[in-house]
Number of protein chains: 2
Amino acid sequence: MPKKSNNLAIDEPLDTSTGCMPTKLDALVGYALRRAQLKVFQHLVSNLNKFDLRPAQFTALAIIEQYPGLMQADLANILAIEPPQAVVLLNKLEARSLAVRVRCKPDRRSYGIFLSKAGENLLKELKEVARLSDEESTAALTAEERDQLVALLHKVYLPEA
Amino acid sequence: MPKKSNNLAIDEPLDTSTGCMPTKLDALVGYALRRAQLKVFQHLVSNLNKFDLRPAQFTALAIIEQYPGLMQADLANILAIEPPQAVVLLNKLEARSLAVRVRCKPDRRSYGIFLSKAGENLLKELKEVARLSDEESTAALTAEERDQLVALLHKVYLPEA
DNA sequence: TATTGTTATACTCTATAACTATA
DNA sequence: TATAGTTATAGAGTATAACAATA
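Being a predicted model, the structure only gives us computed values, none of them experimental.

J.: Any chance you could explain the protein's contact with DNA strand C here in plain terms?
T.: Residues in contact with DNA strand C amount to 19 residues; listed here are only the nearest, R54, R108 and R109 of chain A together with Q72 and R109 of chain B. By atom count, sugar and phosphate contribute 66% of the portion of DNA strand C lying within 4 Å of the protein. Here a phosphate oxygen of DNA strand C and a side-chain polar atom of R101 of chain B are 2.9 Å apart. In terms of residue count, helix α4 (residues 83-95) of chain B provides more of the surface near DNA strand C than any other element does, three residues in total. Its residues placed into classes, the surface near DNA strand C shows eight nonpolar, three polar and eight charged.

In structure tokens, the structure reads:
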């Protein structure tokens, strides 16, 4: 019979030191998504620390490259953040001369946002860092499984499909 | 030839109103994970709002059910939060009489944490809510794809495997 | 001296309302 | 009046240091 070491409902003390305990919640998509996202995200955060950048700042640079001249409101929409957050984010990028706001001629309320040459160069490097960080934090997957995972995730969050 | 409507690098204004813009970043696992997680998580948040509960509180209830009598430090470890966060979380659960702290006889510094009968009953309901929320927010997936996704996510964040 | 839980604190992220300047 | 951007502020979530009680 099992030994009884104390008066609690569990006889064996839990060993929660291994970093990640499997629970019954793992069957939920939302729970599994959260745990996996947290791991991959934190790995990227530590890789971007060397550049004194946050993931959202890297994302913003990539979006500005893809849509040069876009307005702040569009950047906020694509990043899924509120306009006030876009302001502080852009302030930091502009203070580091990675991006610039250019007053729009036809509508002088808005700006066109562009990457600086320095921003372009840094982004090129960051993309490789992100790709590598991705592979490292999902090293348990084969390349094929990684593609499968990304395809399934797209089905979840991209419209139409 | 394409019409030129302004002096920006893009000729056509962006339509970012559709909720989610595809970008080149979608090829990154981390980015896709984040977007999908955000969508599924926010759906759960709005479903749990009816119960005035946050996802972490639901998770805590489920973990306490699985490991009745566990210590606060273990709960913190499994939830991947810091001990001070576990304190406020448990304070709220205890204030609503969903969980209880019981002083541990052999080591009077620690508590054993248990669900109340009300906590057990509520958790039963919450599990169904979470399962349904999961299915709704991943309605673009077949049941088989959902299982595939969960299996791939486990490979990413669970040890050994 | 070390450990469990706690308090206090701070820093980030997020969300909202109110303001400005243009339209 | 409506819109683009901004400011101010408040609420979560998260992390650390310092403390009390117990071992």
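J.: Teacher, can you tell me more about the relation of the copies chain A and chain B here?
T.: There are two copies of the chain, and a rotation about an axis plus a shift along that axis relates them. With an RMSD of 0.0 Å, chain A superimposes on chain B once it is rotated by 180° and translated 0.0 Å along the axis. What the rotation and shift describe, once combined, is the action of a two-fold rotation axis. Interface overlap between copies: 100% of the residues of chain A at the interface are likewise at the interface in chain B, consistent with a symmetric, same-surface contact.

J.: I tried to follow the protein's contact with DNA strand D on my own but got confused; where do I start?
T.: With respect to spatial proximity, 19 residues lie near DNA strand D, and among them Q72, A73 and R109 of chain A together with R54 and R108 of chain B are the closest. Counting only atoms of DNA strand D within 4 Å of the protein, the fraction found in sugar and phosphate groups is 69%. R101 of chain A is positioned such that a nitrogen or oxygen atom in its side chain is 2.9 Å from a phosphate oxygen of DNA strand D. Y111 of chain A is positioned such that a nitrogen or oxygen atom in its backbone is 3.3 Å from a phosphate oxygen of DNA strand D. Considering every element that reaches the surface near DNA strand D, the biggest residue donor is helix α4 (residues 83-95) of chain A, with three residues.

J.: I'm lost on the interface of chain A and chain B in this one. Help?
T.: It is common to give the size of an interface as the accessible area that goes away when the parts come together. Each partner contributes residues to the interface: chain A has 67 residues there, and chain B has 67 residues. Between chain A and chain B lies a buried interface of about 6,500 Å² when both sides are counted; carbon and sulfur atoms form 71% of it. Of all residues in chain A, the largest losses of buried area upon contact with chain B belong to V29, V156 and Y157 of chain A, amounting jointly to 11% of the total for that side. Among the salt bridges present, the one from E145 of chain A reaches K155 of chain B, with a minimum N-O distance of 2.8 Å. Remark: the boundary between chain A and chain B carries 22 residue pairs in polar contact (both at pLDDT 80 or more). Those elements that provide at least two residues to the side of chain A that touches chain B are α1 (29-49), α2 (55-66), α3 (72-79), β2 (111-115), α5 (117-137) and α6 (143-157) of chain A. Ranked by the residues each element gives to the side of chain A that touches chain B, the list is headed by α1 of chain A, at twelve residues. Classifying every residue of the side of chain A that touches chain B by side-chain character gives 40 nonpolar, 15 polar and twelve charged.

J.: Explain the packing of aromatic side chains here, please?
T.: Aromatic ring pairs are reported here in terms of the distance separating the ring centres and the angle at which the planes meet. Under the counting rule described, the total for this entry stands at zero aromatic pairs over all chains. In this structure, R101 of chain A packs its charged tip against the face of Y111 of chain A, placed 5.9 Å from the ring centre.

J.: Hey, could you run me through the UniProt feature "domain: HTH marR-type" (unreviewed entry) in chain A in this one?
T.: Listed under "domain: HTH marR-type" (unreviewed entry) in the UniProt record, and renumbered for this structure, are residues 22-158 of chain A. Here residues 22-158 of chain A is 66% helix and 7% strand, with 29 Å between the C-alpha atoms at its ends.

J.: Mind showing me how you'd approach the packing of α2 of chain A against α4 of chain A here?
T.: Geometry of a packed helix pair, given as the angle between the helix axes and the separation of the axes. Residue and element names in this part refer to chain A. Here α2 crosses α4 at 80°, and the two axes come no closer than 11 Å. Relative to α4, the element α2 lies roughly perpendicular. Along the contact surface, α2 presents A56, Q57, A60, L61 and I64, while α4 presents L89, K92 and L93. Split by residue class, the contact of α2 with α4 holds six nonpolar, one polar and one charged.

J.: Help me out: how do you make sense of helix α2 (residues 55-66) of chain B in this one?
T.: All names here are of chain B. With twelve residues, α2 should cover 16 Å at 1.5 Å per step; its first-to-last C-alpha distance of 17 Å lies within 8% of that length. Of all twelve residues making up α2, nine are buried, and the element is well covered by its neighbours. Every buried residue of α2 is listed here: P55, Q57, F58, T59, A60, L61, A62, I63 and I64.

J.: Explanation requested: α4 of chain B in the structure shown.
T.: Residues three or four positions apart in an α-helix share a direction because the helix packs 3.6 residues into each turn. Residue and element names in this part refer to chain B. Over its 13 residues, α4 extends 18 Å from the first C-alpha to the last, a length consistent with the 18 Å expected when each residue adds 1.5 Å. Regarding α4, the residues found buried are A86, L89, L90 and L93. Viewed along the axis of α4, the buried residues span an arc of 95°, placing them on a single side of the element. What points out from α4, more than 90 degrees from its buried face, is the exposed set P84, K92 and A95. In the core, the buried residues of α4 are packed alongside α2, α3 (72-79), β1 (99-103) and β2 (111-115). Positive phi shows up at S97, right after α4, with a value of about 60°.

About the criteria used
Residues numbered from 1 in each chain as written. Chains lettered and ligands numbered in written order. Predicted model: local features only at pLDDT ≥ 70, side-chain atom pairs only at ≥ 80, totals over all residues. Heavy atoms only, no water. Near = heavy atom within 4 Å. Polar contact = N/O pair within 3.5 Å; in protein donor to acceptor, adjacent residues only side chain to side chain. Helix = DSSP H or I, 4+ residues; strand = E, 2+ residues; numbered from the N terminus. Nonpolar A, V, L, I, M, F, W, Y, C, P; charged D, E, K, R; others polar. Least-squares fit on C-alpha atoms with pLDDT ≥ 70 in both. Contact = heavy atoms within 4.5 Å. Buried area = accessible area lost by both parts, 1.4 Å probe. Salt bridge = Lys/Arg side-chain N within 4 Å of Asp/Glu carboxyl O. Phe/Tyr/Trp six-rings, centres within 6.5 Å; stacked < 30°, edge-to-face > 60°. Lys NZ or Arg CZ within 6 Å of the ring centre and 35° of its normal. UniProt positions renumbered as here; feature names shortened; annotations may be inferred. Axes fitted to C-alpha atoms, helices over the stretch in contact; angles between N-to-C directions. Parallel < 35°, antiparallel > 145°, perpendicular 65-115°, else oblique. Expected span 1.5 Å × (residues − 1). Buried < 20%, exposed > 50% of the residue type's maximum accessible area, 1.4 Å probe, protein only. Arc of directions from axis to C-beta.

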